[in-house]
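Structural characterization, general
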Amino acid sequence: MKEFGYARAGDAAEAAALIAQRPDATYLGGGTNLVDLMKLGVTGPGLLIDVSRLPYDRIEHREDGSVLIGATVRNGALAGDPGIRERFPLLSQALLAGASGQLRTVATVGGNLLQRTRCGYFQDVTKPCNKREPGTGCPAIGGAHRDLAVLGTSDHCVASHPSDMAVALVALDAVAHVRSVDGGSRTVPVAELYLLPGDTPHRETVLDHGDLITAVELPPPPHGARMRYRKVRDRWSYAFALVSVATAVSVAEDGSLRDVRIALGGVAPRPWRARIAEERLRGGRPDEETLREAARAELAEARPLPDNAFKVDLATDLIVAGVRDLVARRDRA
């Protein structure tokens, strides 16, 4: 591991001042991903700025039904929060589907959003990787790519985004609160936080050096919404998604879909909001044929490789099942 310095920031201003002086500095939250990458030699920051004790560790439930989640809230605490479990169950389900109980106790909300890909070539410094070293190539395209992306890829990168939590947040229209090094603040929809690889796969988010995520805000859930997170993986625990789907639906009295939200995980370099499928389904009656046509339209632009082509059919089936089962629950209620 490369030698590095360590500093604990007392407040956001101190953290910004420290990182502004060092282009090789980075923020440290729970460290569950960053420290692993440092051990592997994938990344080697010269200075770690510990922001885990900044005052962003609260979950604020507001009267209008919205929630403000501090960036240093631990994943386990968020998953177990009674208000989240009651009104945003797919977020709790997504968190519980990720990692292990031990890691959820340490990992932070902000860190979860910014975790790096788990592509084997990215993590192996003996192999070329455009994401790690631009211009060296993407051996995954002709190599081991079964677990990687089929949507939003490019000829330079086919890595998939690993976060379960981010998929749920995208489906819930969450926004990230971001503080810049000059003290300014802005909000970024989580759906727009991540960049597709294009010809610059080493650029993964819209954040600039020194930008600090301070919170994630959830708007009130749609009236009468039912929601669920489903994850297909190779084993029951401690495995990343082959395909996952976060679904939230609200059904009108006539049986039509008043609102529908769908986001996919495991299929793209970022959490994938299925807006084509949503548009086709919104306002209509969700019979099996309509659901399958909408799901197929969403996956029409997929660029599967030989060993992950199965993800196209799997994602289609999960979209169909996700909406159908939630509507059936409403009908039985």
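Residues numbered from 1 in each chain as written. Predicted model: local features only at pLDDT ≥ 70, side-chain atom pairs only at ≥ 80, totals over all residues. Heavy atoms only, no water.

Under the domain assignment used here, the protein chain contains domain 1 (5–52) and domain 2 (226–329). Taking only C-alpha atoms into account, the centre of domain 1 sits 37 Å from that of domain 2. (Domains from an automatic or database assignment.)

Glancing now at the nonpolar core. If you look at the biggest cluster of nonpolar residues, it comprises 39 residues, and the most contacted ones within it are Ile 69, Leu 91, Leu 113, Leu 169 and Leu 218. Element by element, the count of residues in this core is highest for helix H9 (residues 164–171), at seven residues. Ignoring anything within four residues of it in the chain, the contact list for Ile 69 reads Arg 58, Ile 59, Leu 78, Ile 84, Leu 91, Val 109, Ala 215, Val 216 and Leu 218. Among the nonpolar cores identified, the runner-up in size contains 29 residues, and Leu 151, Ala 268, Ala 277 and Ala 302 belong to it. (Core = buried A, V, L, I, M, F, W, Y, C linked by side-chain atoms within 4.5 Å. Buried < 20%, exposed > 50% of the residue type's maximum accessible area, 1.4 Å probe, protein only. Helix = DSSP H or I, 4+ residues; strand = E, 2+ residues; numbered from the N terminus. Contact = heavy atoms within 4.5 Å.)

Looking now at the pairing of strand S3 (residues 47–50). The two faces of S3 match: Leu 47 and Ile 49 on one face and Leu 48 and Asp 50 on the other face are all buried. Where strand S1 (residues 5–8) meets S3, four bridges bridge the pair, whose relative direction is parallel. Following the sheet pairing, Ala 7 is matched in S3 by Ile 49. In this sheet, S3 lies alongside strand S2 (residues 25–28) in parallel orientation, the contact comprising four bridges. By the bridge assignment, Tyr 27 is partnered in S3 with Ile 49. You can see the chain leave S2, run along helix H2 (residues 34–40) and come back into S3, and the turn it takes is right-handed. (Pairing = 2+ DSSP bridges. Right-handed = clockwise from strand over helix to strand, strands pointing away.)

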